[in-house]
Amino acid sequence: MALICDTEAKPMRLSRKLGTGRVALCAVVLGGVLVGPVSGAAASNASIKAVIKSYDSKILVAEGHAVAAIGEFDKSGNPSGADAALRKSIAVLSSLKSKIAKQSASSSRGRAGKTKFERGLQLIVVAYRHLETAFGERKADPQAAKAEAKQALLEVKAGSKELGEGAKLLN
């Protein structure tokens, strides 16, 4: 994950303009962050683990479409495809957050992990909303778009950290 999200990696053209390319690439890794570390969760937290695992393919598909749409936006300058892809990713992540919220964790570590997962997902959703705003503002107010994209990147990093900590607690 560090290689993809590394700030020294060769940036995409859009990344130089808004910083959104890195945000999207970091988001693609989200699918691996969600399922990988949680796969060994204790039986008492099995329902949370099962929900997270069931969303793996949905997240990977939604994030893949988001990256492709952002690449298309980079070429065409039309934000409609990127906005639609981000809305789909937001819907998938929000749905996962809702399903996790309905699960119970029997241990204190499980409850803490569940809380961190929910918080991480919420931060990612908020980041994607900032990214949507950045795409919409790019032509009208490039400075505001850059600020929104920068905020989105910070929120993706914070959300990823929360997700990682949540996964560790669920193990």
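Help me understand a positive patch on the surface in this model?
Where like charges cluster on the molecular surface, the positive patch consists of Lys-58, Lys-88, Lys-99 and Lys-102. For the positive patch, the element with the most residues is helix H6 (residues 80-102), which contributes three residues. With respect to the helices and strands, Lys-88 occurs in helix H6.

I tried to follow the packing of aromatic side chains on my own but got confused; where do I start?
Aromatic ring pairs: the centre-centre distance and the angle between the two ring planes describe each pair. For the coordinates displayed, the defined rule picks out one aromatic pair. When the centroid spacing of 4.6 Å and the interplanar angle of 70° are considered together, the rings of Phe-73 and Phe-135 count as edge-to-face. Taken as a pair, Phe-73 in helix H5 (residues 56-76) and Phe-135 in helix H7 (residues 108-137) lie far apart in primary sequence, 62 residues in all. On the basis of relative accessible area, Phe-135 is assigned to the buried category, the value being 2%. Across from the ring centre of Tyr-55, 4.3 Å away, lies the NZ or CZ of Lys-58, which sits over that ring.

Which parts of the structure should I look at to understand the environment of Glu-165?
The topology assignment puts Glu-165 in helix H8 (residues 142-170). Here Glu-165 falls in the partly exposed class, since its relative accessible area comes to 26%. Distance in space between the C-alpha atoms of Glu-165 and Ala-112 is 9.3 Å, their sequence separation being 53 residues.

Procedures and definitions
As a convention, each chain's residues are numbered from 1 in the sequence order in which they are written. pLDDT decides what is reported in this predicted model: residues at 70 or higher carry local features, side-chain atom pairs at 80 or more are listed and counted, and totals for whole chains, interfaces and linings draw on all residues regardless. Side-chain numbers here rest on the full set of heavy atoms in the structure, without hydrogens or water. The patches reported here contain residues having more than 30% relative accessible area and no salt bridge. Joining distances are 9 Å for like charges and 5 Å for nonpolar side chains (Val, Leu, Ile, Met, Phe, Trp, Tyr). The method behind every accessible area is Shrake-Rupley, applied with a 1.4 Å probe, and residues are considered shielded solely by the protein chains displayed. Basic side-chain nitrogens of Lys or Arg form a salt bridge, by our definition, when they fall within 4 Å of a carboxyl oxygen of Asp or Glu. Residues scored as positive are Lys and Arg, those scored as negative are Asp and Glu, and His as well as the terminal groups of each chain are ignored. Lys charges are placed at NZ, Arg charges at CZ, Asp charges at CG and Glu charges at CD. A run of H or I in DSSP becomes a helix once it reaches four residues, and a run of E becomes a strand once it reaches two; helices and strands are each numbered from the N terminus. Here a pair means two rings of Phe, Tyr or Trp (six-membered ring of Trp) with centres within 6.5 Å. Their orientation is stacked below 30 degrees between planes, edge-to-face above 60, and tilted elsewhere. The classification of residues rests on relative accessible area computed with a 1.4 Å probe and restricted to protein chains. Under 20% of the type maximum is buried, over 50% is exposed, and intermediate values are partly exposed. Distance and angle both matter: a charge sits over a ring if NZ of Lys or CZ of Arg is within 6 Å of the ring centre and within 35 degrees of the ring normal.

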